[in-house]
Amino acid sequence: MGTSEVILVGVDGSKESFAAVKWAAERSKLRSCRLHIICTYAVASYAAATLDGGYAVLDDAALKEGASQIVKQGVDLAKEIGAADVHGLVEAGDPAGILIDMSREVDLIVVGSRGGGGFADRLLGTVSSALPAHAHCPVVIVPRHTSGKAFTPVERIVVGSDGSEGATSALKRAVDEAELWDARLTAVAAVPMATGTTMMAWLPANIDRDKLLKDVKEGLDNAVDAALDGRQRKVARHALDGSPSSLLIEFSTAVDLVVVGTRGRGGFAGILLGSTSQTVIAHSTCPVMVVPSAHHDVSPDPSQEWSRR
């Protein structure tokens, strides 16, 4: 039986975007989700290498045809992997704007990450993380796979928490993903107080840092228990002294998915809206799921069929 869940994947002809298709297709099989592959055909919306003759000689029809071919490759790849309900979609316009708009209508968006002109380069570059920061549904950013275990199946997940509303939504979604993939889940709260130049530099020198970490751990335990809401899934919990972005990047080398929230008040969630947002996503060695703070408050109406094709 299928579900009403819709996953939207942005493609541009790059290897990174097709890596996103692979990840989304594997996930779609877990719940028989509908998978939509989209390419925009504005001049700068997909890789120049996919077009013969350069941009200058292409008219709208040629651009649309090129985008259609890229979408077909994505659809064929998803079907090869085993996704059953796959559709292609071509739209004219700005990639970030289109995906942000469509994020109101879908349950998950997946895009490829940096390295070779991929789709997310434009979404995460000059527009300062426009898609993950402003999307109304979770966004997964899939990096280039260079070595080691494949990104799927997802067997280990880490979620960052700082006590914010965004982190609460991220915790809930991380539990959902752990159940879906039957993955091991670890929740981490970061307290960056090791050096005098961190955001915790105001702490008195004689502060009991062990007690502070203990208090943070208790807060994390409460947040995780609330996110579980009675579900019987084991979640490892750790309060650590360190930079949130550095910890995320370090954990990404040992897990298959990092989950973070947006619109936080610092820590894991806040970094995604600050000056180090590029660092976290650009340097993670595994996919990163960014969950908006209101994700569990507003969801697409499951009784409505997504009309875009």
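This text gives an overview of the structure that appears in the document.

Conventions adopted
Residues numbered from 1 in each chain as written. Predicted model: local features only at pLDDT ≥ 70, side-chain atom pairs only at ≥ 80, totals over all residues. Heavy atoms only, no water. Core = buried A, V, L, I, M, F, W, Y, C linked by side-chain atoms within 4.5 Å. Buried < 20%, exposed > 50% of the residue type's maximum accessible area, 1.4 Å probe, protein only. Contact = heavy atoms within 4.5 Å. Helix = DSSP H or I, 4+ residues; strand = E, 2+ residues; numbered from the N terminus. Polar contact = N/O pair within 3.5 Å; in protein donor to acceptor, adjacent residues only side chain to side chain. Salt bridge = Lys/Arg side-chain N within 4 Å of Asp/Glu carboxyl O. Pairing = 2+ DSSP bridges. Axes fitted to C-alpha atoms, helices over the stretch in contact; angles between N-to-C directions.

## Structural notes on the nonpolar core
Reasoning step 1: Ranked by size, the top nonpolar core spans 51 residues in total, and within it Val9, Trp23, Leu35, Ile37, Val110 and Val259 carry the most contacts.
Reasoning step 2: In this view, Val110 contacts Ile7, Leu8, Val9, Gly10, Ala20, Trp23, Ala24, Val140 and Val142; residues no more than four positions away in its chain are not counted.
Reasoning step 3: Among the nonpolar cores identified, the runner-up in size contains 26 residues, and Leu89, Ile98, Ile141 and Val288 belong to it.

## Some remarks on unusual backbone geometry
Reasoning step 1: Backbone torsion omega between Thr152 and Pro153 reads 0 degrees, so that peptide bond is classified as cis.
Reasoning step 2: Looking at the secondary structure, you find Pro153 in the loop between β5 (139-142) and β6 (156-161).
Reasoning step 3: Positive phi values are uncommon outside glycine, yet Ser32 reaches one of about 50 degrees.
Reasoning step 4: Relative to the helices and strands, Ser32 is located in the loop between α1 (15-31) and β2 (34-40).

## Thoughts on the environment of Lys29
Reasoning step 1: Considering the arrangement of structural elements, one finds Lys29 in helix α1.
Reasoning step 2: Those residues in contact with Lys29, other than ones at most four positions away along the chain, are Ile81, Gly82 and Ala83.
Reasoning step 3: For Lys29, the side chain forms a polar contact with the side chain of Glu26, separated by 3.2 Å.

## Concerning the pattern of salt bridges
Reasoning step 1: If you walk through the whole model with that rule in mind, you get 16 salt bridges.
Reasoning step 2: Of the charged contacts, one joins Arg27 and Glu177 as a salt bridge, the two residues approaching to 2.8 Å between their closest N and O atoms. Note that Arg27 is positioned in helix α1 and Glu177 in helix α6 (residues 165-181), a separation of 150 residues in sequence. By the burial criterion, Arg27 is buried, and Glu177 matches it.
Reasoning step 3: Here Asp225 and Arg237 are joined by a salt bridge, their closest N and O atoms 3.0 Å apart. With Asp225 in helix α7 (residues 209-228) and Arg237 in strand β8 (residues 235-241), the pair connects residues that are 12 residues apart, well separated along the chain.
Reasoning step 4: Salt bridges linked by common partners bring Glu5, Arg27, Arg31, Arg173 and Glu177 together as one network.

## Some points on the sheet that holds strand β7 (residues 184-191)
Strands pair in a sheet through their backbones, by hydrogen bonds, and they do so in one of two ways: parallel or antiparallel.
Reasoning step 1: The 10 strands lie next to each other as β3-β2-β1-β4-β5-β10-β9-β6-β7-β8, forming an open sheet whose pairing is mixed. Either end of the sheet is taken by a strand with one partner, and the two such strands are β3 (85-91) and β8. Adjacent strand axes in the sheet meet at a mean angle of 20 degrees, parallel and antiparallel pairs treated alike.
Reasoning step 2: Judged from the 3 bridges that link them, strand β1 (residues 6-10) and strand β4 (residues 108-112) form a sheet pairing that is parallel. Bridging across to β4, Val9 finds its partner in Val110.

## Topic: the environment of Asp94
Reasoning step 1: On the secondary structure map, Asp94 appears in the loop between β3 and α3 (95-102).
Reasoning step 2: In this structure the C-alpha to C-alpha distance between Asp94 and Tyr41, which are 53 residues apart in sequence, comes to 8.5 Å.
Reasoning step 3: Here Ala96 takes part through its backbone nitrogen, which lies 3.4 Å from a polar atom of the side chain of Asp94.

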